[in-house]
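Okay, here's what each chain looks like letter by letter:
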Amino acid sequence: MAVSDGMGSGYAACKESEMVIDLIEKFMEAGFLPDTALRMMNSAMVTHGEHNLFSTVDLMRLDLDSGEAAFYKIGAATTFIRHGREVRMVTQKSMPVGVFVGQQVPKVTEQLADGDFVIMVTDGVLEHLHVRDAGETICEVIRGIDTNNAAEFPDWYWNRCCSIPVAVSGTI
């Protein structure tokens, strides 16, 4: 599972994100492990980056047998894991894709269980809240969401966080 967020907004940012995800998919389909695929994609984006557009990448590789989740975060916003009413945050600080060649690919490993939710968001979702500690605020919201249906989860989130409709450049 992966999310990419192009810097800025509009068509150019969308195309940059699509290109990042497409490159990662192609490298992984060719048999490369996530860290290698991400380094290769980053190198390609550095050489392509004549327009100074950068993207974040949040990738999770899940072993369905063991429940081990490996998170690779490059400039990405916090990821949240809901286990019952407990919510954990997965964070990693790094520069976005395309800034420089040789960027390290941070990896965080978490153990997941049946029924856990992994909530990947882009920075627009966090910034929309306009609070001092958006991560903790989102944890509170996630704890209060009363559904185990992944398709309904984003709607529950938006209904709890947004009392008025606004245009947000964000993905859940």
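Calculation criteria
Residues numbered from 1 in each chain as written. Predicted model: local features only at pLDDT ≥ 70, side-chain atom pairs only at ≥ 80, totals over all residues. Heavy atoms only, no water. Helix = DSSP H or I, 4+ residues; strand = E, 2+ residues; numbered from the N terminus. Rg over C-alpha atoms; globule rule 2.2 N^0.38 Å. Polar contact = N/O pair within 3.5 Å; in protein donor to acceptor, adjacent residues only side chain to side chain. Contact = heavy atoms within 4.5 Å. Phe/Tyr/Trp six-rings, centres within 6.5 Å; stacked < 30°, edge-to-face > 60°. Lys NZ or Arg CZ within 6 Å of the ring centre and 35° of its normal. Pairing = 2+ DSSP bridges. Axes fitted to C-alpha atoms, helices over the stretch in contact; angles between N-to-C directions. Core = buried A, V, L, I, M, F, W, Y, C linked by side-chain atoms within 4.5 Å. Buried < 20%, exposed > 50% of the residue type's maximum accessible area, 1.4 Å probe, protein only.

*Asks:* Help me understand the overall build of the protein in this model?
*Replies:* Across its full length, the protein holds 5 helices and 7 strands. Its helices and strands taken in sequence order, the protein reads β-α-α-β-β-β-β-β-β-α-α-α from the N to the C terminus. In terms of C-alpha radius of gyration, the protein reaches 16 Å, essentially the compact-globule figure of 16 Å for 172 residues. Each principal axis of the C-alpha atoms in the protein carries an extent, and together these give about 45 × 40 × 25 Å.

*Asks:* I would appreciate a short explanation of the side chain of glutamine 103 in the present structure.
*Replies:* Checked against the element boundaries, glutamine 103 lands in the loop between strand E5 (86-90) and strand E6 (107-111). Here the side chain of glutamine 103 touches methionine 95 through a polar contact of 2.6 Å, landing on its backbone oxygen. If near-sequence neighbours (up to four positions away) are discounted, glutamine 103 is found in contact with Arg39, Asn42, Ile74, Ser94, Met95 and Pro96.

*Asks:* It is not clear to me how the packing of aromatic side chains should be interpreted in this structure. Could you clarify?
*Replies:* One pair of aromatic rings is described through two measures. These are the centre distance and the angle between the planes. According to the stated counting rule, one finds 2 aromatic pairs in the structure shown. Geometrically, the ring pair formed by phenylalanine 27 and phenylalanine 32 is edge-to-face, given 6.2 Å between the ring centres and 90° between the ring planes. Directly above the ring of phenylalanine 117 sits arginine 82, whose terminal nitrogen or CZ lies 4.7 Å from the centroid.

*Asks:* What's the story with the sheet that holds strand E4 (residues 79-83) in this structure? I'm lost.
*Replies:* Note: strands within a sheet are paired through backbone hydrogen bonds, in either parallel or antiparallel orientation. In space, the 3 strands of this open sheet follow the order E5-E4-E7, with antiparallel pairing throughout. A single partner strand is all that each edge strand has here, and the edge strands are E5 and strand E7 (117-120). Mean inter-strand twist for the sheet, computed between neighbouring axes without regard to direction, equals 20°. By the bridge criterion, 4 bridges tie E4 to E7 in an arrangement that is antiparallel. Within E7, the position partnered with arginine 82 by the bridge is phenylalanine 117. Across the face of the sheet, helix H4 (residues 134-144) comes into contact with E4, E5 and E7 while running at roughly 145° to E5.

*Asks:* In this structure, what is going on with the nonpolar core? I would like to understand it.
*Replies:* Within soluble globular proteins, side chains that are nonpolar generally end up buried alongside one another. Grouped together as the largest cluster of nonpolar side chains are 17 residues, with contacts concentrated most on Phe80, Ile119, Val121, Leu126, Ile138, Ile142 and Tyr157. Mapped onto this core, the elements with two or more residues apiece are E7, helix H3 (123-127), H4 and helix H5 (153-161). No other element matches the 5 residues that H4 contributes to this core. In terms of nonpolar packing, the next biggest core, distinct from the first, is built from 15 residues, Leu23, Phe27, Met41 and Leu59 among them.

*Asks:* What is the right way to look at the environment of proline 96 in this model?
*Replies:* Tracing the backbone through its elements, the reader meets proline 96 in the loop between E5 and E6. Between the C-alpha atoms of proline 96 and asparagine 148, which are 52 residues apart in sequence, the distance is 32 Å. Excluding residues that lie within four positions of it along the chain, proline 96 makes contacts with Met7, Phe54, Ser55, Thr56, Ile74, Gly75 and Gln103.

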